[in-house]
Amino acid sequence: MRRTMLFLPGNTPNMLINGDTLGADTVIFDLEDAVSPDEKDAARILVRNTLKYQAFPNCEIVVRINPTDTEFWKEDLKAVIPLKPDVIMPTKVSGGDMIRQVSAYMAEVEKDSGMEEGTVKILPLIETALGVEKAFDIASSDSRVIGLFLGGEDFTADMHCKRTKEGQEIFYARTRLVCAARACGIEAYDTPFTDVEDMEGLERDTEFAKSLGFAGKAVISPRHVDIVNAVFSPTESEIEYAHDVMDAIEEGKRQGKGVISLRGKMIDAPIVKRAQQVLEMEKAIYGGACR
Amino acid sequence: MKIIKNAVAGTLESSDLFIQVEPDDEELHLEIDSVVANQYMDAIRAAVMKTLEEFHVTTGKIFIKDKGALDCVICARMETALKRGGVEES
């Protein structure tokens, strides 16, 4: 479950060490845009030490590495992979070849560190026009890939258009990413809402992303975590309905019924699948069934 | 190993520290100024010395202004300062 993915600048100790107290399901230690070129060495060592000495029991850890056309990405991987972060986020991914290149080097580092190959997963950050057009190629490029992540700011820069709160300019990219990810049986995660003060705009944007099929959303401020978590959590009535669906299925099985209905509507496979997803989220959020 | 050039690392923000290193062929000179000196000076000194030992550095001038950094941050900033000062990983 990755309802919220909170970016934390990789060279800021105060934020890194408190990462798992901010309520996000995932924190992203950022070695790329949040770190100036002359501080890349310092951030890499700091993130490595933070992973080595700090425990993060309450959230998943992602490390965003520098792009493969820079001198930094291999050093980034060499420093952090032995500390077993959950996921690596390669940036400016524009095709499956790039993912295979990163994955192959991760395998080398894993082998040198005595780790099982494939331990650390990959969440590609897609933020170019070419990347969006090759979304399916990227999603299906390697078994480490667990999802696709949209970066709206760089994408709109690449498209030579203005990034707006309404988000019309990223509508195509959003739907294309969700479709490609779902076609490969993985999740898609939405770009952050960048106005830190506009909570109503954040809620609208998050609800829209959820309606398109995104499983979660990146945030750049801890203040955004609660709203995004709430939007991506199942409501009380959704949880109640999911329990009713599963109860009806059990009851139908006991009575040997082939066709099962609930509240006057037939329960078919997609409804059961959706109910199971809701109950999985209920367990992940509340630690068990709420009723 | 020796520090061969002046270098700095870190910041003066809360939970961080600022380190300056300079070459000195004769002795080790360590100056630490910390907002938590009364409670944690021994621990800060120990973290600094641990990193110096890891890099086999026995001489040099080191000036530290600490703003309440944890051990892992102190070690990270020390490592960065030493590497920037020309000390290679052994």
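On a predicted model such as this, the values are computed, not experimentally measured, just so you know.

(A) Seen up close, the packing of aromatic side chains. All names here are of chain A. Under the definition given, this model contains 4 aromatic pairs over all chains. With 6.1 Å between their ring centres and 90° between their planes, F7 and F149 make a pair best called edge-to-face. Of this pair, F7 sits in strand β1 (residues 4-9) while F149 sits in strand β7 (residues 147-150); the two residues are 142 residues apart in sequence, bridging distant segments of the chain. Relative accessible area serves as the criterion here: at 12%, F7 is assigned to the buried category. Since its relative accessible area comes to 1%, F149 is described here as buried. When the centroid spacing of 5.6 Å and the interplanar angle of 70° are considered together, the rings of F29 and F56 count as edge-to-face. Of this pair, F29 sits in strand β2 (residues 26-30) while F56 sits in the loop between α2 (40-53) and β3 (60-64), placing them 27 residues apart in sequence. Accessibility expressed as a relative area gives 0% for F29, which makes it buried. Residue classification places F56 among the buried positions, given a relative accessible area of 12%.

(B) Fine view of the pattern of salt bridges. All names here are of chain A. Counted according to the given criterion, the structure contains 33 salt bridges over all chains. The shortest N-O distance in the salt bridge between D30 and R64 comes to 2.8 Å. On the criterion of sequence distance, the pair formed by D30 in strand β2 and R64 in strand β3 is long-range, its members being 34 residues apart. You'll find D30 and R64 in the same group, each marked buried.

(C) Up close: unusual backbone geometry. For K92 of chain A, which is not glycine, the phi dihedral falls at a positive 50°. As for its placement among the helices and strands, K92 of chain A is situated in the loop between β4 (87-89) and α4 (96-112). A positive phi angle is found at S15 of chain B, which is not glycine, with a value near 70°.

(D) Fine view of the layout of surface pockets. Estimates place the volume of the largest pocket at around 670 Å³. If you go around the largest pocket, you meet 22 residues; those closest to its centre are R182, E187, A215, R274 and Q277 of chain A. No other element matches the 7 residues that helix α12 (residues 269-286) of chain A contributes to the lining of the largest pocket. Grouping the amino acids of the lining of the largest pocket by side-chain chemistry returns 10 nonpolar, 4 polar and 8 charged. When its volume is computed, the second largest pocket comes out at roughly 330 Å³. Surrounding the second largest pocket, 16 residues form its lining, R44, E75 and A79 of chain A together with K83 and E89 of chain B being those nearest its centre. Of all elements in the fold, only α2 and α3 (73-80) of chain A together with α2 (71-84) of chain B reach the threshold of two or more residues within the lining of the second largest pocket. Here the residues of the lining of the second largest pocket sort into 5 nonpolar, 1 polar and 10 charged.

(E) Geometry of the interface of chain B and chain A. Of the residues lining the interface, 15 residues belong to chain B; the matching set on chain A comes to 16 residues. Three residues stand out in chain B for area buried against chain A, namely C72, R77 and R84 of chain B, and they jointly supply 38% of the buried area on that side. Our enumeration of links across chain B and chain A arrives at 3 salt bridges. The closest approach of N and O atoms between R84 of chain B and E39 of chain A, which form a salt bridge, is 3.4 Å. At the junction of chain B with chain A, the criterion picks out 8 residue pairs in polar contact (both at pLDDT 80 or more). With 9 residues, the top contributor of residues to the side of chain B that touches chain A is α2 of chain B. Grouping the constituent residues of the side of chain B that touches chain A by class yields 5 nonpolar, 3 polar and 7 charged.

The rules behind the values
- Residues numbered from 1 in each chain as written.
- Chains lettered and ligands numbered in written order.
- Predicted model: local features only at pLDDT ≥ 70, side-chain atom pairs only at ≥ 80, totals over all residues.
- Heavy atoms only, no water.
- Phe/Tyr/Trp six-rings, centres within 6.5 Å; stacked < 30°, edge-to-face > 60°.
- Helix = DSSP H or I, 4+ residues; strand = E, 2+ residues; numbered from the N terminus.
- Buried < 20%, exposed > 50% of the residue type's maximum accessible area, 1.4 Å probe, protein only.
- Salt bridge = Lys/Arg side-chain N within 4 Å of Asp/Glu carboxyl O.
- 1 Å grid on protein atoms, 1.4 Å probe; cavity = no way out; pocket = protein on both sides within 12 Å on 5 of 7 lines; lining within 4 Å.
- Points joined across faces, edges and corners; volume = space filled by probe spheres on them.
- Nonpolar A, V, L, I, M, F, W, Y, C, P; charged D, E, K, R; others polar.
- Contact = heavy atoms within 4.5 Å.
- Buried area = accessible area lost by both parts, 1.4 Å probe.
- Polar contact = N/O pair within 3.5 Å; in protein donor to acceptor, adjacent residues only side chain to side chain.

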